[in-house]
Structures are given as C-alpha cells and as structure tokens.
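Geometric and topological summary
Each chain, written out:
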Amino acid sequence: QVQLVESGGGLVHPGGSLRLSCAASGSIFRIDYMGWYRQAPGKQRELVASINSDGSTNYADSVKDRFTISRDNAKNTVYLQMNSLKPEDTAVYYCNARIRRSGSWSYMDYWGKGTLVTVSS
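The structure contained in this document is the topic of the report that follows. (Residues numbered from 1 in each chain as written. Predicted model: local features only at pLDDT ≥ 70, side-chain atom pairs only at ≥ 80, totals over all residues. Heavy atoms only, no water.)

Thoughts on the overall build of the protein
On a plain count of helices and strands, the protein comes out with zero helices and eleven strands. Shown N-terminal to C-terminal, the secondary structure of the protein runs as helices and strands in the order β-β-β-β-β-β-β-β-β-β-β. For 121 residues, the compact-globule formula gives about 14 Å, and the C-alpha radius of gyration of the protein, at 14 Å, lands near that figure. A buried classification covers 41% of the 121 residues belonging to the protein. Accessible area for the protein stands at about 6,600 Å²; split by element, carbon and sulfur atoms hold 47% of it. Averaging the coordinates of the 14 positive side-chain charges in the protein and doing the same for the 10 negative ones gives two points 5 Å apart. (Helix = DSSP H or I, 4+ residues; strand = E, 2+ residues; numbered from the N terminus. Rg over C-alpha atoms; globule rule 2.2 N^0.38 Å. Buried < 20%, exposed > 50% of the residue type's maximum accessible area, 1.4 Å probe, protein only. Areas by Shrake-Rupley, 256 points an atom, 1.4 Å probe, with all protein chains shown as cover. Lys, Arg positive; Asp, Glu negative; His and termini not counted. Charge placed at Lys NZ, Arg CZ, Asp CG, Glu CD.)

Considerations on the state of the cysteines
Enumeration over the complete set of coordinates arrives at one disulfide. Between Cys22 and Cys95 runs a disulfide, and the two sulfur atoms are separated by 2.1 Å. In this structure, the disulfide formed by Cys22 and Cys95 twists by about -80 degrees around the S-S bond and is classed as left-handed. Placement of the pair is Cys22 in strand β3 (residues 18–26) and Cys95 in strand β9 (residues 91–101), with a sequence separation of 73 residues. Like Cys22, the residue Cys95 is buried in the burial classification. (Disulfide = S-S within 2.5 Å.)

So, the pairing of strand β8 (residues 77–82)
For β8, the buried fraction is high: five of the six residues fall into the buried class. Inspection of the sheet shows β3 paired to β8 by six bridges, in the antiparallel sense. Bridging from a neighbouring strand, Ala23 pairs with Thr77 of β8. Direction of pairing for strand β7 (residues 67–72) relative to β8: antiparallel, over a ladder of six bridges. Its bridge partner lying in β8, Arg71 is registered against Val78. (Pairing = 2+ DSSP bridges.)

What about the nonpolar core?
Counting residues in hydrophobic clusters, the biggest one holds 32 residues, and the most contacted among them are Trp36, Leu80, Met82, Tyr93 and Ile99. Taken together, the elements giving at least two residues each to this core come down to β1 (2–7), β3, β4 (28–39), β5 (46–51), β7, β8, β9 and β11 (115–119). Counting residues per element, this core draws most heavily on β9, at five residues. Aside from chain neighbours lying at most four places away, what touches Ile99 is Val2, Leu4, Ala24, Ile28, Arg30, Ile31, Ser106, Tyr107, Met108 and Tyr110. (Core = buried A, V, L, I, M, F, W, Y, C linked by side-chain atoms within 4.5 Å. Contact = heavy atoms within 4.5 Å.)

Encoded structure:
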C-alpha cells in the first residue's frame with residue numbers, strides 16, 4: 001500500500017504564510033511527478049503547482065511569485081510554501097504523486113485526503 005498524507009493547513013490572515021507538507025509512505029520504488037491541487041467550494045479541482053523528478057516546476061498563473069513547490073526525495077515528501085495568501089486561496093489542498101511501487105513496472109497516481117486552507121480576516 002502507498003499513502004499520501006498532507007499536513008500544514010489551517011486558518012491564516014490575508015497576507016500571511018503557510019507551508020504544506022505531503023509525505024508518501026509504503027512500498028515505494030520511485031516517485032516521478034508530485035503536485036498540489038486545490039478545490040474551492042463549488043469549483044473544480046485545479047492544479048496549483050507541480051514538480052518533476054528532475055526538479056522542473058510548473059505553477060498556476062494565480063500563484064506564481066507567491067507559492068513555491070519543492071521536494072525532498074530522501075523523505076519522499078513534497079512541500080508547498082505559500083506566501084502573500086489571499087482569500088481566494090481558500091480551498092482544500094490535495095497532494096498528488098505518480099509512484100512506482102516496489103515490484104511493479106508501472107506508475108500509478110495516488111492522492112492524499114486533503115488539508116483545508118482558510119484565508120480570512
């Protein structure tokens with residue numbers, strides 16, 4: 001079994017910062033892509049940021065220059081540093097990873113259960 005567990009969500013004032021973490025555990029051989037998505041009430045889930053195994057990154061236009069994604073391959077963990085938070089950043093944030101399990105030849109997508117980020121005064 002493979003699990004993704006997010007942490008670091010909470011309530012923050014506009015302009016504040018939060019750091020999300022997502023740790024993958026289980027029988028992992030290799031992790032390729034890792035990403036953060038979010039879903040606000042009444043809206044579709046959207047990509048926030050992603051990072052490939054080579055370190056290349058991709059950001060949604062709405063978070064560029066405010067959010068930074070990074071990963072620690074030794075810990076199978078991906079982070080999302082969120083600065084200058086706005087009320088419109090309020091959402092459940094989900095971690096996603098493309099993982100090859102030990103003993104498998106193929107990659108599969110895994111999702112965490114999400115962590116709530118609320119930006120409000």
